Structure formats: structure tokens, C-alpha cells
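Listed here are the chains, written in short residue letters.
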Amino acid sequence: MEKFIVLQSPAVPVNVQNIDTDQIIPARFLKATNKIGFGANLFRDWRYNENNEPKAGFPLNEAKYTGTILVAGKNFGCGSSREHAAWAITDYGFKAVVSSFFADIFKNNALNNGLLPVQVSDAFLTQIFAQIDKNPATELRIDLENQTITLSETGQSESFEISNYKKICLINGLDDIDFLLSLKGKIEEFESKG
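What you see is a predicted model, and the numbers here were worked out from it, not measured in a lab.

### Brief notes about the pattern of salt bridges
Next, step 1: Inspection of the entire model under this criterion finds 8 salt bridges.
Next, step 2: When the shortest N-O distance is used, the salt bridge between K74 and D122 registers 3.4 Å. Of this pair, K74 sits in the loop between β2 (69-72) and α3 (84-92) while D122 is found in helix α5 (residues 122-134), placing the two residues 48 residues apart along the sequence.
Next, step 3: Here K74 falls in the partly exposed class, since its relative accessible area comes to 36%.
Next, step 4: Under the relative-accessibility criterion, D122 is labelled partly exposed at 41%.
Next, step 5: The residue K184 makes a salt bridge to E188 at a minimum N-O spacing of 3.9 Å. On the criterion of helical spacing, the pair formed by K184 and E188 is a turn pair, its members being 4 residues apart in helix α8 (residues 184-192).
Next, step 6: According to the relative accessible area criterion, K184 is partly exposed, its value standing at 47%.
Next, step 7: On the accessibility criterion, E188 (44% relative accessible area) is partly exposed.

Calculation criteria
Residues numbered from 1 in each chain as written. Predicted model: local features only at pLDDT ≥ 70, side-chain atom pairs only at ≥ 80, totals over all residues. Heavy atoms only, no water. Salt bridge = Lys/Arg side-chain N within 4 Å of Asp/Glu carboxyl O. Helix = DSSP H or I, 4+ residues; strand = E, 2+ residues; numbered from the N terminus. Buried < 20%, exposed > 50% of the residue type's maximum accessible area, 1.4 Å probe, protein only.

Right, dumping it as C-alpha cells:
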């Protein structure tokens, strides 16, 4: 996995509450078992009409919105437990998702796939959406080491929670297996003392 320490980027706003995993990646696209190619169908039914033409007005189709941070309404990733939702978001190019609430299974799937879910207060999420609406080039700065998210233009900031284990994994670019392998020497040393 890619290391995640500090991310500063514009954000793409999808100001909708209760976005479930079937809206993130519809079930009909779950035929593959590797992580490649799901980004093309991220928010498929919201992004494209029945003729596969981009729908005007959907943020991912708007050139004014760029960046590697997805900002979404409250209760993101609810619904089924499909890991493909995290795959689709990362394959599209997002490195973090900001919301005021994440479904637990989605949150864990995201962290296991190098995607940082940043949970903020409802009030701060409203401020982020308002600032992006005012200026689509607004940047967010996510500092994983210090566990803060900041609106670069205004300096408004808030802290967020993350398990210490997942924080260590993301900062070092390790998945669960890589983390265990990084401890191989210590494990062998412990076993030799047997």
C-alpha cells in the first residue's frame, strides 16, 4: 500500500446522506475478484444515464471538482458489507473520504485498503460543503500523524479518531500481512527464547 502521512488536495463533494454500498458500486459490477477497474463504475447510476452518457450536474462529472478527497453526507457506506465499495473509491483515485458518520464495516474495509475515512462533526462537514460550494478549488489538509483535518483557506480545523494500529499501518504503507512480516525478526527472537 501507499504510505499516507499528509494529504493536501481539493475535494469532490457528494452532498447526499445515507449513501449505501450499492450506490457506491452497484451489485451488477461485482463480478471481478481483483481491485482493478471498479473506479469506472463508482456511483455508476448517479454518474451515467441509461445510454452511458455522463449526467450533467453530478460532481464526478463536473470539471470544477478535482482532487483525491471525497466529501460525502452523513452515514456513508451503509448497506451491504461489500469490500468492492472501498475498491471502487480507491481505484477512481480517492485517498480519503470525509463524512460525519461511516458504517462500521465500510470503515474497516476502507482502512484495510489504504483509504482513510475521516469522521468529522456535522457542523464541520457543513462548513466544508459550504466552502467547496463557495470555491470548488478549496483544499483540505489531512494530517494523519496529528489526526487533524483543516480547511486550508480558512484555517478551520478539527481532529479525528483512528485506531492506533491502523494509523501505524497507513503511515508505513502496510496492510495486515505486511505488518506481521515487519515483526518477523521480533517473532523469531521471541520463539528462540522458548
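That covers the picture; the talk isn't over yet.
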